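Here is what each chain is made of, one letter per residue.
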Amino acid sequence: MEEAAAVAADSPGSASTTEHPKLAARAPGSPAGDKRANGSGSVRLRGKTWTARLSLGEAGRSTFSLPTCRTEQEANARLEVLADLAGRLLAAGQIVLGLPLLERAAAREGSALRDVRLAIEQLCRGEARARASGETTFAEFAELVVSGRLAEQYPLHVKALRHPEQYRHKLNHVLAVLGPVPLPRLTLDHADRAISMLPGHLEDSSRQGVAKVIHRILALATYPARIIASNPLPRGWIPKAEDNKAKGSLYPDEDRRLMAAVNIPLSYRIYYGFLIREGMRADEAGRLEPSDLDLERGAVVLDENKTDDPRAWALSPDVVRALRTYFAICPPKERVFIGPSGPLPWRSGAHNFRNHLRRAGIDRPELFETTQSRLNIRLHDTRATFITIKLANCRTETWISDRTGHKSSRQIHHYKRAARKVAELGLGDFAPLDEAIPELNGKGGPLGGGAPTSAGLEAGSPSPSNGASLVRALHHRAPGAVVDHASQPAAGAPVAAGGPLDQAASRQLLCLLRSTAMTAATASAMRTRCRSSA
């Protein structure tokens, strides 16, 4: 699709005019010698703004501001674009109706200019015409849905979107075609054209997601909005998306290696261990608040989730013990799982997850390759790991669905083949989380690549000499740091002995100081070092 060319040049003088060749087309029924019918164009600098002047047949001679053009060459390039679009409108006899579109084409760039081109093409083909007073376009109604205003108007029938940015992202692919079309005139052909023009790199599942959004918008326009009498999209219009690619999951021994990798921040390992042992979605766990957990009784309540189906269950006893000890080290704040730089990533956590697996020495090839038949492992696949291992260890589908939120046996059935393999190999179950993580099992070890903790943290009676060992451990972290979150080096990057602590280690150490008893002299020295490096 053409765009105005931008060519660097010296600033032109304060007054300049360039003539452009006459337009090839003229208004129907106008005499051949009529200059206005044939049309001609020129550019001129007025003050600091370039303008283009075109003869537009029955619409007369019009001047368009070119605010994005900085040089005469850019102005001439945009004049060529306008001349081409005006020629099409003249040939189709739609120049008067298309005049506002030409004004937009003069002022827009990139995708916005592309949208104007598509609107002009629709107008020339007779698919668009002057909108009747009060008619709502697809774009206008979609904004009502995404913004939540429709939910406010019809609270009994429409729920506000939990993630409106996802709807906006999908709609951006089709607004160029569907956006300007009034809803009463939107047809199946419009929807088919919008889907056919989706970028070629999109997966089938992404195309299906866009189609679902279109269908949902039109369904709401039918009821409760009652803008159209019926949905123009027939049943079966949403394309099928085959999901036959093999997905990765961890074995119990690989989980033990990941939990024991003290060169990975403790906050990440407790997060991964929770996901793997409880089957919760990563986004659900990432939004967990301390009030959602009842560690005294060992339960979790999840009222808000993807399926809008509140669920609650008893946590595994080892997970309860691990969380109690972890909270004694780092008390939770607004979220249960907080990393060195804030809430842990869940929507974009796959890259960190794979890096942490490699750092833990897990290098099984199928976990890290993407082919036509396989996807590399993602953070979301901790759910697949949970379901596979629990099925292999004879847990019922009901027990599993209480935790995962799956609503049908068919969804869980996909994991049974992998579960049979795990059972036949005798790979066992996950190790108890409080025993798998060294910092939580009473045996000590670096706290997430930083400070180790001694036995008895949960009881609040550590050794008075613990402070000195904490400082020593901070200078013996394993090399080979990767970026864990917000472009900060993970714990595991080498630190010069006696030098200042990195910011993440300082926060972890200060957190531990608040929950650990030690001599006043040692605590004072450690706080001074933490503050000097913050």
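Residues numbered from 1 in each chain as written. Predicted model: local features only at pLDDT ≥ 70, side-chain atom pairs only at ≥ 80, totals over all residues. Heavy atoms only, no water.

**Q** Would you mind showing me how to read helix H12 (residues 266-278) here?
**A** Three or four residues apart is the spacing at which side chains of an α-helix point the same way, because the helix has 3.6 residues per turn. Across its 13 residues, H12 extends 18 Å between first and last C-alpha, which sits within 8% of the 18 Å expected from 1.5 Å per residue. By the criterion of burial, H12 is predominantly enclosed, with 13 of the 13 residues buried. A positive backbone phi angle near 75° is found at glycine 279, which sits one or two residues after H12. (Helix = DSSP H or I, 4+ residues; strand = E, 2+ residues; numbered from the N terminus. Expected span 1.5 Å × (residues − 1). Buried < 20%, exposed > 50% of the residue type's maximum accessible area, 1.4 Å probe, protein only.)

**Q** Even after reading the chapter, I still don't get the confidence of the model for the protein chain, so can you show me in this structure?
**A** Parts of the prediction with low pLDDT should not have their coordinates interpreted in detail. With 71% of its residues at a pLDDT of 70 or more, the protein chain has an overall mean of 76. Scored below 50 in pLDDT, residues 529-534 makes 12 contacts in the model with residues more than four places away or belonging to other chains. (pLDDT = per-residue confidence, 0-100. Contact = heavy atoms within 4.5 Å.)

**Q** How should I be thinking about the packing of helix H11 (residues 252-260) against H12 in this particular structure?
**A** Describing two packed helices takes the angle between their axes plus the distance from one axis to the other. Contact geometry for H11 and H12: axes closest at 9 Å, N-to-C directions at 155°. Here H12 runs roughly antiparallel to H11, going by the angle between their axes. At the point where H11 passes H12, the crossing takes the left-handed sense. Here H11 contributes Asp255, Leu258, Met259 and Ala260 to the contact with H12, which in turn contributes Arg269, Tyr272, Gly273, Ile276 and Arg277. (Axes fitted to C-alpha atoms, helices over the stretch in contact; angles between N-to-C directions. Parallel < 35°, antiparallel > 145°, perpendicular 65-115°, else oblique. Left-handed = near helix turned anticlockwise from the far one by under 90°.)

**Q** Can you walk me through the pairing of strand S4 (residues 61-66) in this structure?
**A** It is a general feature of regular strands that their side chains alternate between the two faces of the sheet. Burial of the side chains of S4 is restricted to one face: Ser62, Phe64 and Leu66 are buried, whereas none of Arg61, Thr63 and Ser65 on the reverse face is. Where strand S3 (residues 49-55) and S4 come together, six bridges link them in antiparallel fashion. Pairing of leucine 54 across the sheet is with serine 62, part of S4. Linking two consecutive strands that pair antiparallel, namely S3 and S4, is a turn of five residues; a positive phi of about 60° is found at glycine 57 within it. (Pairing = 2+ DSSP bridges.)

**Q** Any chance you could explain unusual backbone geometry here in plain terms?
**A** Both trends apply: most residues other than glycine have a negative phi, and most peptide bonds are in trans. Note the cis peptide between tyrosine 223 and proline 224, where omega equals 15°. As for its placement among the helices and strands, proline 224 is situated in the loop between helix H10 (204-222) and H11. Even without being a glycine, arginine 226 presents a positive backbone phi close to 60°. Of note, arginine 226 is situated in the loop between H10 and H11. Phi is positive for cysteine 394, which is not a glycine, with a value near 70°. Residue position: cysteine 394 is located in the loop between helix H16 (382-392) and helix H17 (397-404).

**Q** When you look at the pairing of strand S6 (residues 299-302) in this model, what are you seeing that I'm missing?
**A** Taking every second residue as pointing to the same face, the buried face of S6 carries Val300 and Leu302, while none of Ala299 and Val301 on the other face is buried. Between the antiparallel neighbours strand S5 (residues 293-294) and S6 lie four residues, among them glycine 298 with a positive phi of about 80°. In the sheet, S6 pairs with strand S7 (residues 311-314) via four bridges, with the strands oriented antiparallel. Its bridge partner being in S7, leucine 302 is matched across the sheet by arginine 311.

**Q** Please explain the pattern of salt bridges as it appears in this structure.
**A** Tallying each qualifying case throughout the model produces 20 salt bridges. Aspartate 255 is the salt-bridge partner of arginine 277, the closest N and O atoms lying 2.5 Å from each other. Separated by 22 residues along the polypeptide, arginine 277 in helix H12 and aspartate 255 in helix H11 bring together distant segments of the chain. As far as the burial class goes, arginine 277 and aspartate 255 line up, both buried. The closest approach of N and O atoms between aspartate 318 and arginine 277, which form a salt bridge, is 3.9 Å. Here the residue aspartate 318 occupies a position in helix H14 (residues 317-329), and arginine 277 occupies one in helix H12, the gap between them amounting to 41 residues. The pair aspartate 318 / arginine 277 is uniform in exposure class, with both members buried. When salt bridges that share partners are traced, they join Asp84, Arg88, Glu121 and Arg125 into one network. (Salt bridge = Lys/Arg side-chain N within 4 Å of Asp/Glu carboxyl O.)

**Q** Would you explain the side chain of threonine 51 in this entry?
**A** Relative to the assigned elements, threonine 51 resides in strand S3. Classification of threonine 51 by relative accessible area gives buried; the value is 10%. With sequence-adjacent residues up to four places away left out, threonine 51 is seen in contact with Ser42, Val43, Arg44, Arg46, Thr63, Phe64, Ser65 and Leu66.

**Q** Could you clarify how one ought to interpret the sheet that holds S7 in this entry?
**A** Adjacent strands of a sheet pair through backbone hydrogen bonds, lying either parallel or antiparallel. Across the sheet, which stays open at both edges, the three strands sit in the order S5-S6-S7 with antiparallel pairing between neighbours. Each of the sheet's edge strands pairs with one partner strand only, and the pair in question is S5 and S7. As paired strands, S5 and S6 are joined by two bridges and run antiparallel to one another. Bridging from a neighbouring strand, aspartate 294 pairs with alanine 299 of S6.

**Q** Explain the packing of H16 against helix H19 (residues 416-425) to me, please; I cannot follow it from the model alone.
**A** The N-to-C vectors of H16 and H19 enclose an angle of 55°; their axes lie 8 Å apart at closest approach. As far as their axial angle goes, H19 and H16 are oblique. In terms of crossing hand, the pair formed by H16 and H19 is right-handed. Taking contact as the criterion, the partners of Thr388, Ile389, Leu391 and Ala392 in H16 are, on H19, Lys416, Ala418, Ala419, Val422 and Ala423. Its residues placed into classes, the contact of H16 with H19 shows seven nonpolar, one polar and one charged. (Nonpolar A, V, L, I, M, F, W, Y, C, P; charged D, E, K, R; others polar.)

**Q** Would you mind going over the nonpolar core with me for this structure?
**A** Ranked by internal contacts, the top residues of the largest apolar core, which has 59 residues, are Leu258, Ile270, Tyr271, Phe274, Leu323 and Phe337. Residues in contact with leucine 323, not counting those within four places in the same chain, are Ile270, Phe274, Leu293, Leu295 and Phe337. Among the nonpolar cores identified, the runner-up in size contains 35 residues, and Val174, Leu186, Ala191 and Leu202 belong to it. (Core = buried A, V, L, I, M, F, W, Y, C linked by side-chain atoms within 4.5 Å.)

**Q** What should I look at first to understand the side chain of threonine 382 in this one?
**A** Relative to the helices and strands, threonine 382 is located in helix H16. Given a relative accessible area of 2%, threonine 382 falls into the buried group. Ignoring sequence-local partners within four residues, the contact set of threonine 382 consists of Leu275, Ile276 and Phe353.

**Q** For this particular structure, what's the right way to read the packing of aromatic side chains?
**A** Here the structure, examined in full by the defined rule, presents seven aromatic pairs. With a centroid separation of 5.2 Å and an interplanar angle of 50°, the aromatic rings of phenylalanine 274 and phenylalanine 337 are classed as tilted. Taken together, the residues span a long stretch of sequence, with phenylalanine 274 in helix H12 and phenylalanine 337 in the loop between H14 and strand S8 (338-339) at a distance of 63 residues. Given a relative accessible area of 1%, phenylalanine 274 falls into the buried group. The structure contains a cluster of three or more aromatic residues connected by ring pairs, namely Tyr268, Tyr271, Tyr272, Phe274, Phe337 and Phe353. Lying across the ring of tyrosine 251, arginine 364 places its NZ or CZ 4.0 Å from the centre. (Phe/Tyr/Trp six-rings, centres within 6.5 Å; stacked < 30°, edge-to-face > 60°. Lys NZ or Arg CZ within 6 Å of the ring centre and 35° of its normal.)

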